[in-house]
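# Architecture and fold: a report
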Amino acid sequence: MTRPWNATHPDAHLPKALQGLRIPAVGSPLFIISVPALVIAQCKSGIIGSFPALNAREGEGEHPLLDTWLSQIDEELDRHNQANPDTPAAPFAVNQIVHRSNARLERDIEICVRHKVPVWITSLGARVEVNEAAHSCGGIVLHDIINNFFAKKAIEKGADGLIAVAAGAGGHAGPQSPFALIQEIREWFNGPLLLSGSIATGQAVLAAQAMGADMGYIGSPFIATEEANAMQGYKDAIVDGTAADIVTSSLFTGVSGNYLRPSIEAAGMDPDNLPSADSKSMNFGDGSSKPKAWKEIWGAGQGIGAVKSVEPAAALVDRIAAEYHAALAKLSGA
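Residues numbered from 1 in each chain as written. Predicted model: local features only at pLDDT ≥ 70, side-chain atom pairs only at ≥ 80, totals over all residues. Heavy atoms only, no water.

## Quick word on helix α8 (residues 232-240)
Tyr234, Lys235, Ala237 and Ile238 are the residues of α8 that are buried. Each buried residue of α8 sits inside an arc of 160° when the element is viewed along its axis, so together they form one side. Looking at the packing, one finds that the buried side of α8 touches β10 (257-260). (Buried < 20%, exposed > 50% of the residue type's maximum accessible area, 1.4 Å probe, protein only. Helix = DSSP H or I, 4+ residues; strand = E, 2+ residues; numbered from the N terminus. Arc of directions from axis to C-beta. Contact = heavy atoms within 4.5 Å.)

## Describing the packing of helix α3 (residues 105-114) against helix α4 (residues 128-136)
In the contact formed by α3 and α4, the axes pass within 9 Å of each other and the chain directions differ by 20°. With respect to α4, the element α3 is oriented roughly parallel. By crossing handedness, the relation of α3 to α4 is classed as right-handed. Of α4, the residues touching α3 (which contributes Leu105, Ile109 and Val113) are Val130, Ala133 and Ser136. Looking at the contact of α3 with α4 residue by residue, the classes come out as five nonpolar, one polar and no charged. (Axes fitted to C-alpha atoms, helices over the stretch in contact; angles between N-to-C directions. Parallel < 35°, antiparallel > 145°, perpendicular 65-115°, else oblique. Left-handed = near helix turned anticlockwise from the far one by under 90°. Nonpolar A, V, L, I, M, F, W, Y, C, P; charged D, E, K, R; others polar.)

## Remarks on the pattern of salt bridges
Per the stated rule, a full pass over the model turns up ten salt bridges. Notably, a salt bridge pairs Asp272 with Arg261, separated by 3.1 Å at the nearest N-O pair. Here Asp272 is found in the loop between α9 (261-266) and α10 (313-332), whereas its partner Arg261 is found in helix α9, with eleven residues between them in sequence. Looking at Asp272, the relative accessible area reads 54%, which means it is exposed. (Salt bridge = Lys/Arg side-chain N within 4 Å of Asp/Glu carboxyl O.)

## Section: the packing of helix α2 (residues 65-83) against α3
At a minimum axis distance of 10 Å, the contact between α2 and α3 shows a crossing angle of 25°. In terms of axis orientation, α2 runs roughly parallel to α3. In terms of crossing hand, the pair formed by α2 and α3 is right-handed. Across from Leu66, Asp67 and Leu70 in α2, the residues of α3 making contact are Asp108, Ile111, Cys112 and Arg114. Of the residues that constitute the contact of α2 with α3, the class distribution is four nonpolar, no polar and three charged.

## Re a nonpolar patch on the surface
Together, Ile146, Phe149 and Phe150 line one region of the surface with nonpolar side chains, adding up to about 290 Å² of accessible area. Residue position: Ile146 is located in the loop between β5 (140-145) and α5 (148-156). Accessibility expressed as a relative area gives 30% for Ile146, which makes it partly exposed. (Patch = residues over 30% accessible without salt bridge, like charges linked within 9 Å, V, L, I, M, F, W, Y side chains within 5 Å. Areas by Shrake-Rupley, 256 points an atom, 1.4 Å probe, with all protein chains shown as cover.)

## Considerations on the pairing of strand β3 (residues 92-97)
Burial analysis of β3 places six of its six residues in the buried class, which makes it a mostly covered element. Side chains Phe92, Val94 and Gln96 of β3 all project onto a buried face; the interleaved residues Ala93, Asn95 and Ile97 project onto the opposite face, where all are buried too. The sheet contact formed by strand β2 (residues 49-52) and β3 spans four bridges and is parallel. Bridge pairing in β3 places Pro52 opposite Asn95. With five bridges connecting them, β3 and strand β4 (residues 119-123) associate as parallel partners. In the strand pairing of β4, Gln96 is matched with Thr122. With respect to chirality, the unit in which β3 leads through α3 into the neighbouring parallel β4 is right-handed. (Pairing = 2+ DSSP bridges. Right-handed = clockwise from strand over helix to strand, strands pointing away.)

## Some points on the side chain of Ser123
Positionally, Ser123 belongs in strand β4. Only 3.0 Å separates the side chain of Ser123 from the side chain of Asn95, close enough to count as a polar contact. At 2.9 Å, the side chain of Ser123 forms a polar contact with the side chain of Asp144. If we skip the residues at most four places from it in the chain, Ser123 touches Asn95, Gln96, Ile97, Val98, His99, His143 and Asp144. (Polar contact = N/O pair within 3.5 Å; in protein donor to acceptor, adjacent residues only side chain to side chain.)

## Describing the environment of Asp74
Tracing the sequence through the fold places Asp74 in helix α2. In this structure, the C-alpha to C-alpha distance between Asp74 and Ser196, residues 122 residues apart in sequence, is 26 Å. With sequence-adjacent residues up to four places away left out, Asp74 is seen in contact with Phe92 and His115.

## Thoughts on the confidence of the model for the protein chain
In the predicted model, the protein chain carries a mean pLDDT of 92, and the fraction of residues at 70 or more is 91%. Counting interchain partners and residues more than four positions distant, the pLDDT-below-50 stretch residues 1-5 has 13 contacts. (pLDDT = per-residue confidence, 0-100.)

So, in structure tokens, the structure goes:
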């Protein structure tokens with residue numbers, strides 16, 4: 001489909017929350033790993049930072065930690081914007097797992113509405129009532145999908161945009177080539193479209209745009225940042241790993257996902273001979289998408305070969321931004 005294009009403001013066709021970013025990228029919500037420190041660093045660096053609502057865990061009867069986290073993010077980004085009016089922080093996003101087993105969903109939605117969360121990312125099911133809640137506070141909804149069928153369902157139910165999770169992505173990756181997935185979606189959908197799957201360099205972000213996506217969706221590289229809530233061994237495995245170290249299996253959550261080979265071996269299993277699992281094993285009732293037995297099985301995408309060191313999130317964004325602009329200049333002959 002043909003989309004409006006403005007040479008001065010190439011993102012002018014996007015919702016306001018997705019405009020004016022340093023580079024067209026979103027830091028994806030990482031289970032356990034994405035916490036306020038990482039989200040704040042991403043936003044201050046000029047890209048959208050995000051976290052899963054279920055990462056904010058609390059004991060029974062305690063004040064909702066999600067409410068505390070959102071207040072912390074709001075206040076810190078407001079202070080940054082007041083001190084840096086010429087380089088304001090990017091908006092942030094909250095990921096809602098809308099799977100029916102998520103017993104916290106209704107409460108978490110109410111908290112996000114109260115905080116007027118600007119970008120909502122929905123996963124594992126498209127639900128009209130969640131989209132309506134986001135719209136009621138001025139937010140937009142990006143729904144992640146792995147194929148064109150689910151993409152159409154999400155838009156029919158009121159999502160504003162799509163995150164195409166293609167082959168090579170970390171966690172619950174889809175099996176399809178990004179070329180095929182983006183092409184099929186763009187035959188009918190004119191709205192915001194992000195691409196996930198081995199987006200670890202500025203060149204990859206630009207390539208996503210060349211394919212027809214609006215933005216890149218970057219996950220695994222942020223695991224190896226100082227602000228990430230990940231074990232040092234996990235961060236080191238990202239730095240040391242390459243695409244050859246990624247194993248695809250449904251054993252750990254009941255849904256096919258990509259994981260680091262060394263973590264599977266450390267658990268005493270053979271990565272090349274893993275049994276499959278019934279999808280019924282997935283349960284978000286307690287805020288967890290992994291059985292406790294697999295808590296040290298580490299997810300990652302195939303793009304980790306681009307990660308060479310553990311560094312601050314700002315430095316990672318600096319590197320990706322420099323690569324993006326260098327690649328753009330090279331292609332334009334500048």
